[in-house]
Every structure is written in structure tokens, then in C-alpha cells.
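Read off the chains here:
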Amino acid sequence: QVQLVESGGGLVQAGGSLRLSCAASGRFFGIDAMDWYRQSPGKQRELVATITSAGTTNYADSVKGRFTISRDNAKTTMYLQMNSLKPEDTAVYYCRADFRIAGVAIPTTYWGQGTQVTVSS
């Protein structure tokens, strides 16, 4: 069983910072791309940032220069450092990852349960 668990969400004032973590556990032998998504009430889930197994990163225009995505050396934990937070960053943040699992020919996608980030003005 593979699992992704997010942590680090909370309430912060505009201009503040938060660091989200996403830890993978279970039976797998590798992880390809990992992503952070977010969803606000009444809006579609949107891609915030992506990091490949090689460390290549991409960001949504709305967070470029403010958010930084990273992975640990074992590449099983992903982080999102969020600086200069704005009220419009308020959302539930989800991590997603493509796992390589023994006996499965193609990578399998899993999602975390989400963590709430609220930015007050």
C-alpha cells in the first residue's frame, strides 16, 4: 500500500511564510514526478508546482518567485516553501506523485489527503 501524507498547513497573515511537506510511504521502488496542486472553494484544482526525479522544476505563473518546490535526497519527501503569501493563495493543497511499483508496468498516481492553507489579509 502506497500513501502520501501532507503536513504544514495552517493560518498565516498576508506576507508570511509556510512550508508544506509531503511524505511518501509504502511498497514502491521509485517515484517519478511529484506535484503540488491546490483547490479553492468553487474553483477547479490547479497545478502549483512540479518537480521531476531529476530535479527539474516548473511553477504556475501565479506563484513564480514566491514558492519553491524541492525533494529530499531520498526523493521520497517533497516540500513547498511558500513565501510572500497572499489571500488568494488560500486553498487546500494536495500532493500528487507517480510511483513505480513492482509488478506494475506503468507508473501509478497517488494523491495525498490535502492540507488547508489560509492566508488572512
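Above this text you will find the structure in question.
Residues numbered from 1 in each chain as written. Predicted model: local features only at pLDDT ≥ 70, side-chain atom pairs only at ≥ 80, totals over all residues. Heavy atoms only, no water.

Concerning the overall build of the protein
Within the protein one finds zero helices and 11 strands. In the protein, the order of α-helices and β-strands from amino to carboxyl end is β-β-β-β-β-β-β-β-β-β-β. The C-alpha atoms of the protein give a radius of gyration of 14 Å, which matches the 14 Å a tight globule of 121 residues would have. Each principal axis of the C-alpha atoms in the protein carries an extent, and together these give about 50 × 25 × 20 Å. (Helix = DSSP H or I, 4+ residues; strand = E, 2+ residues; numbered from the N terminus. Rg over C-alpha atoms; globule rule 2.2 N^0.38 Å.)

Thoughts on the sheet that holds strand β3 (residues 18-25)
Here four strands make up an open sheet; going across it, the order is β1-β3-β8-β7 and the pairing antiparallel. Looking at strand neighbours, the two that pair on one side only are β1 (3-7) and β7 (67-71), the edges of this open sheet. Averaged over all adjacent pairs, the angle separating strand axes in this sheet is 15°, with direction ignored. Here β1 runs beside β3; their pairing, made up of five bridges, is antiparallel. Looking at β3, one finds that Q3 is bridged to S25. (Pairing = 2+ DSSP bridges. Axes fitted to C-alpha atoms, helices over the stretch in contact; angles between N-to-C directions.)

What to know about the packing of aromatic side chains
According to the stated counting rule, one finds three aromatic pairs in the structure shown. Geometrically, the ring pair formed by F99 and Y110 is edge-to-face, given 5.5 Å between the ring centres and 90° between the ring planes. Here F99 is found in strand β9 (residues 91-100), whereas its partner Y110 is found in strand β10 (residues 108-111), with 11 residues between them in sequence. The class of Y110 is partly exposed, set by a relative accessible area of 25%. (Phe/Tyr/Trp six-rings, centres within 6.5 Å; stacked < 30°, edge-to-face > 60°. Buried < 20%, exposed > 50% of the residue type's maximum accessible area, 1.4 Å probe, protein only.)

Section: the environment of S70
Structurally, S70 is set in strand β7. A relative accessible area of 27% places S70 in the partly exposed class. Those residues in contact with S70 that lie beyond four places of it in its chain are I51, T77, M78 and Y79. (Contact = heavy atoms within 4.5 Å.)

Describing the nonpolar core
Core analysis: the biggest nonpolar cluster contains 29 residues, and W36, L80, M82 and Y93 have the highest contact counts within it. At the level of elements, β3, β4 (30-39), β5 (46-51), β7, β8 (77-82), β9 and β11 (115-120) are the ones that each hand at least two residues to this core. Here the element with the most residues in this core is β9; it accounts for five residues. (Core = buried A, V, L, I, M, F, W, Y, C linked by side-chain atoms within 4.5 Å.)

Side note on the side chain of T77
Within the secondary structure layout, T77 lies in strand β8. Each residue touching T77, except ones within four places of it in the same chain, is listed here: C22, A23, S70, R71 and D72.

Digging into the environment of K43
One can find K43 in the loop between β4 and β5. Taking relative accessible area as the criterion, K43 reaches 58% and is therefore assigned exposed. Separated by 48 residues in the primary sequence, K43 and A91 have C-alpha atoms spaced 9.7 Å apart.

As for the pattern of salt bridges
Enumeration according to the criterion identifies seven salt bridges in this entry. A salt bridge links R38 to D89; the nearest nitrogen and oxygen atoms lie 2.9 Å apart. Separated by 51 residues along the polypeptide, R38 in strand β4 and D89 in the loop between β8 and β9 bring together distant segments of the chain. Measuring nitrogen to oxygen at the nearest pair gives 2.7 Å for the salt bridge that ties D98 to R96. (Salt bridge = Lys/Arg side-chain N within 4 Å of Asp/Glu carboxyl O.)

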